[in-house]
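Spelled out, the chains give:
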Amino acid sequence: MSGIDTATLWTVIIGLGLGSFALRFAFIGIVGSRKMPEWLMRHLRYTAVSIIPALVAPLVVWPAPTGGEPSLIHLIAACTTLAVGYFTKNVFAAMGSGALLLVGYISLFG
Amino acid sequence: MAISTTSAAFWKGLRDGAPFVLVTGPFGLLFGVLAGEAGLDVIEAFAFSMAIYAGSAQFTALQLMQEGAPIFIVLASALAVNLRVAMYSASLTPYLGSAPLWQRALAAYVTVDQAYALSIVQFEDEPDMTVQQRLAYFFATNALVMPGWMAATICGALIGDQVPESWGLDFVLPLAFLAMIGPMLRTPAHLAACFTAIAVSLPASVLPFNLGLFVAGVIGMMAGAQTEVWLNRKLAGAQP
């Protein structure tokens, strides 16, 4: 397939394993009950809701299945998934509706 | 019913955590399948889940490695996605901080979304729990989810290379991420962070080495934090 080389893969597995543990251990193990600066905590609260959308948006606008050509159905499926997730708070309802739209479209017109 | 013994705490944790197997299982399966598609064998996929045990970070790393991003970018991005576990760690510290170091190290390894979410509610509801009872509860919330995640990864990796290309699985990952993000958008500040990050990420994607991800991520975080400050100020101003 796309050929991730073995050295890269294991470097990532080990590095990410250690890094993730360090993140999890940082406070409970080392910082203890000392207070964190409020401005830092305030920014950290928005890490996941910023980084993940920033990762996904280009993948939606220039989707891999079309070779990077913008595609209306992929955009609609993505927006539906986000909207259903937001309104139902249900990951599976969200995932299901997006996938259903895409699969339905591909089997009808694909 | 108040928890009075360590084993009662364990069983309550096990019961509370059980439904989450149904949530994390399919994502573990999906990770295994996508890892298989990306050319990882079963051992490699399993090592990934075992070493990291954090779905969104694993998906991020896999995606970026497939794009051929430099190792530094892969690590930094996946860790950035996982920064929230550091916040969980900070928030659990007052409750578990007095346990022996090796127990805290074990607890750190299994600090994941659902264990944190269940435990923090439990600890706040029953402030009289001892540290041993809290730890028993915390570990028990993982007792089914973790083996489930590992088993699902292995199953996924085993069937992964048999899934035909035509299924268009390369768009499943963006959808999975979006499905995870939707429920996380609880306040206007979350929305501001999310949509700012999206708006910046598109033009920023011309930057080399996937640096656009960081630029967009950091600007999104600043937008979220700033919105929170404004909202708090407005709230304070509205009071008589």
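Residues numbered from 1 in each chain as written. Chains lettered and ligands numbered in written order. Predicted model: local features only at pLDDT ≥ 70, side-chain atom pairs only at ≥ 80, totals over all residues.

Draft legend 1. Examining the overall build of chain B more closely. The helix and strand tally for chain B stands at 13 helices and zero strands. When the helices and strands of chain B are listed from N to C terminus, the series reads α-α-α-α-α-α-α-α-α-α-α-α-α. By principal-axis analysis of the C-alpha atoms, chain B measures approximately 55 × 55 × 30 Å. Taken across its 240 residues, chain B has 50% of its residues classed as buried. Sequence-distant contacts, at least 24 apart, represent 75% of the contacts inside chain B between residues at least 6 apart. (Helix = DSSP H or I, 4+ residues; strand = E, 2+ residues; numbered from the N terminus. Buried ≥ 20, exposed ≤ 12 C-beta atoms within 10 Å, placed from the backbone. Contact = placed C-beta atoms within 7 Å.)

Draft legend 2. Main features of the packing of helix α4 (residues 72–88) of chain A against helix α11 (residues 172–181) of chain B. Interhelical geometry of α4(A) versus α11(B) gives an angle of 25° and a closest axis separation of 7 Å. Overall, the two elements α4(A) and α11(B) adopt an arrangement that is roughly parallel. Considering the relative orientation of α4(A) and α11(B), their crossing is right-handed. Of the residues in α11(B), those touching α4(A) at A:Ala77, A:Ala78, A:Thr81, A:Leu82 and A:Gly85 are B:Pro174, B:Leu175, B:Leu178, B:Ala179 and B:Ile181. (Axes fitted to C-alpha atoms, helices over the stretch in contact; angles between N-to-C directions. Parallel < 35°, antiparallel > 145°, perpendicular 65-115°, else oblique. Left-handed = near helix turned anticlockwise from the far one by under 90°.)

Draft legend 3. Up close: the nonpolar core. Counting residues in each nonpolar core, the largest one holds 105 residues, and the members touching the most others are A:Ile52, B:Ala35, B:Ala61, B:Ala176, B:Phe177, B:Ile181 and B:Ala193. Those residues in contact with B:Ala193 that lie beyond four places of it in its chain are A:Tyr46, A:Val49, A:Ser50, B:Gly220, B:Met221, B:Ala223 and B:Gly224. (Core = buried A, V, L, I, M, F, W, Y, C linked by C-beta atoms within 7 Å.)

Draft legend 4. Here's a closer look at the UniProt feature "transmembrane region" (unreviewed entry) in chain A. On the UniProt side, "transmembrane region" (unreviewed entry) is annotated at positions that read residues 12–32, 44–65 and 92–109 of chain A here. The span residues 44–65 of chain A shows a helical share of 73% and a strand share of 0%, and its end C-alpha atoms are spaced 33 Å apart. (UniProt positions renumbered as here; feature names shortened; annotations may be inferred.)

Draft legend 5. The interface of chain A and chain B, seen in detail. Contacts between the two partners involve 66 residues from chain A, matched on the other side by 76 residues from chain B. Residue assignment for the side of chain A that touches chain B shows that the elements contributing at least two residues are α1 (6–31), α2 (38–44), α3 (47–61), α4 and α5 (91–109) of chain A. Ranked by the residues each element gives to the side of chain A that touches chain B, the list is headed by α1(A), at 20 residues. Residues of the side of chain A that touches chain B, tallied by class, amount to 44 nonpolar, 18 polar and four charged. (Nonpolar A, V, L, I, M, F, W, Y, C, P; charged D, E, K, R; others polar.)

Draft legend 6. Main features of unusual backbone geometry. The phi dihedral of A:Lys89 is positive, around 60°, even though this residue is not glycine. Locating A:Lys89 in the fold gives a position in the loop between α4 and α5. On the basis of neighbour count, A:Lys89 is assigned to the partly exposed category, with 14 C-beta atoms found within 10 Å. In this model, B:Tyr53 sits at a positive phi of 45°, which is unusual for a non-glycine residue. Tracing the backbone through its elements, the reader meets B:Tyr53 in the loop between α3 (42–52) and α4 (55–66).

Draft legend 7. Geometry of the UniProt feature "transmembrane region" (unreviewed entry) in chain B. Residue and element names in this part refer to chain B. Following the UniProt record, one finds the feature "transmembrane region" (unreviewed entry) at residues 20–40, 135–160 and 192–225. The span residues 20–40 is 86% helical and 0% strand by assignment, and the distance between its end C-alpha atoms comes to 26 Å. For residues 135–160, the helix share is 96%, the strand share is 0%, and the end-to-end C-alpha distance is 36 Å.

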